Amino acid sequence: SGSMLSRVSVICGCLSLGALRAFGVAAIETVMVSLLEDKFSWDRRNTGPVIGLAFMFCMPLRWTHQAIGDMLSNKAWIRVMSAVSILGCFLLFREAGRVIGAVTHLGCSVAVILAAATLFPSFYIGESLACGIMHQHVLKPGSLLDGNHTQLYYNLVQGVARFLGPWLSRAAVAMYGQDAFAMQQTIVCMAFLGIYEVCVNPNVQVGKASASL
């Protein structure tokens, strides 16, 4: 039925979003360390705390979402977080680093840190909302897309994506440079928004319409 196909499309789309989020987070985490230590000659003792600080930016964004989350729909929040992540990717380009470094007088490395502090929370908040949508559309118990199976697939695709992210991102930097990695991340973020708009959002609306009939 149409409702069944809509639910399957939502689940598959959200699984893809989970994979993209895992890939993007693992990639920026790995390449951030590589760039800070190899390109900007940071001490290893400093990179760990900086990465932890970048991850902690998830907390204020989460508090903001809890405080004013009702002002926007989940659809709007996912779009906002996707837009923020795409903007964050632009900070990874070398030219952005030169401009920010010149303005702040703190060096080009500050752009990489700002990119990570932008990408980590926007990735996590946007994908967590999509994950909630996925669990609202699981099929009846016993099917291959019920709650238990869907969570299993979700964990599997994230594991594979987290495995591939560091490899492919470091390969992009090694072969083509920092700008290639920035473009890779931009494509991941744009794919996230595109899959949501094509596979998830229209079918969530169809599901609501079907439920009201």
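Small disclaimer: the values here were computed from a predicted structure and weren't measured.

Cut-off values and rules
Residues numbered from 1 in each chain as written. Predicted model: local features only at pLDDT ≥ 70, side-chain atom pairs only at ≥ 80, totals over all residues. Heavy atoms only, no water. Helix = DSSP H or I, 4+ residues; strand = E, 2+ residues; numbered from the N terminus. Rg over C-alpha atoms; globule rule 2.2 N^0.38 Å. Buried < 20%, exposed > 50% of the residue type's maximum accessible area, 1.4 Å probe, protein only. Contact = heavy atoms within 4.5 Å. Areas by Shrake-Rupley, 256 points an atom, 1.4 Å probe, with all protein chains shown as cover. Axes fitted to C-alpha atoms, helices over the stretch in contact; angles between N-to-C directions. Parallel < 35°, antiparallel > 145°, perpendicular 65-115°, else oblique. Nonpolar A, V, L, I, M, F, W, Y, C, P; charged D, E, K, R; others polar. Left-handed = near helix turned anticlockwise from the far one by under 90°. Salt bridge = Lys/Arg side-chain N within 4 Å of Asp/Glu carboxyl O. Patch = residues over 30% accessible without salt bridge, like charges linked within 9 Å, V, L, I, M, F, W, Y side chains within 5 Å. Phe/Tyr/Trp six-rings, centres within 6.5 Å; stacked < 30°, edge-to-face > 60°.

Take the overall build of the protein chain next. Secondary structure assignment for the protein chain yields eight helices and zero strands. Listing the helices and strands of the protein chain from first to last along the sequence gives α-α-α-α-α-α-α-α. For the protein chain, whose C-alpha radius of gyration is 19 Å, the value lies close to the compact-globule estimate of 17 Å for 213 residues. When its C-alpha atoms are laid out on the principal axes, the protein chain stretches across 60 × 35 × 25 Å. Within the protein chain, buried positions represent 44% of all 213 residues. Put simply, 78% of the contacts in the protein chain that link residues at least 6 apart link residues at least 24 apart. With the model as given, the accessible surface of the protein chain reaches about 10,800 Å², and the carbon-plus-sulfur share is 68%.

What follows concerns the packing of helix α2 (residues 44-56) against helix α3 (residues 58-68). Packed helices, taken two at a time, are described by the angle between their axes plus the distance between the axes. Following both chains from N to C, one finds α2 and α3 inclined at 5°, their axes separated by 5 Å at the closest point. Put simply, α2 runs roughly parallel to α3. For the pair formed by α2 and α3, the contact residues are Ala 54, Phe 55 and Met 56 on the first element and Cys 58, Met 59 and Pro 60 on the second. The residue inventory of the contact of α2 with α3, partitioned by class, reads six nonpolar, no polar and no charged.

A word on the packing of α2 against helix α6 (residues 109-136). At a minimum axis separation of 7 Å, α2 and α6 run at an interaxial angle of 40°. Classed by the angle they form, the pair α2 and α6 counts as oblique. You can see that α2 and α6 cross each other, and the crossing is right-handed. Here Val 50, Ala 54 and Phe 55 of α2 come into contact with α6, specifically with Ile 113, Ala 116, Ala 117, Phe 120 and Tyr 124. Its residues assigned to classes, the contact of α2 with α6 comprises eight nonpolar, no polar and no charged.

For the coordinates displayed, the defined rule picks out seven salt bridges. For Glu 37, the salt bridge is made with Arg 44, and the minimal N-O distance between the two is 3.9 Å. On the basis of relative accessible area, Glu 37 is assigned to the partly exposed category, the value being 21%. Residue class for Arg 44 comes out exposed when judged on its relative accessible area of 68%.

Below, the discussion takes up a nonpolar patch on the surface. Together, Leu 53, Met 56, Phe 57, Met 59 and Trp 63 make up an exposed nonpolar region whose accessible area comes to about 540 Å². Counting only elements with at least two residues in the nonpolar patch, the list comes to α2 and α3. Looking at the secondary structure, you find Met 56 in helix α2. By relative accessible area, Met 56 is classed as partly exposed at 46%.

This part covers the packing of aromatic side chains. Remark: the centre distance and the inter-plane angle together describe each pair of aromatic rings, the angle taken between the planes. Applying the stated criterion across every chain, the model contains three aromatic pairs. An angle of 50° between the planes, with centres 6.4 Å apart, marks the rings of Phe 55 and Tyr 124 as tilted. With Phe 55 in helix α2 and Tyr 124 in helix α6, this residue pair connects regions lying 69 residues apart in the sequence. The class of Phe 55 is partly exposed, set by a relative accessible area of 26%. For Tyr 124, a relative accessible area of 28% gives the class partly exposed.

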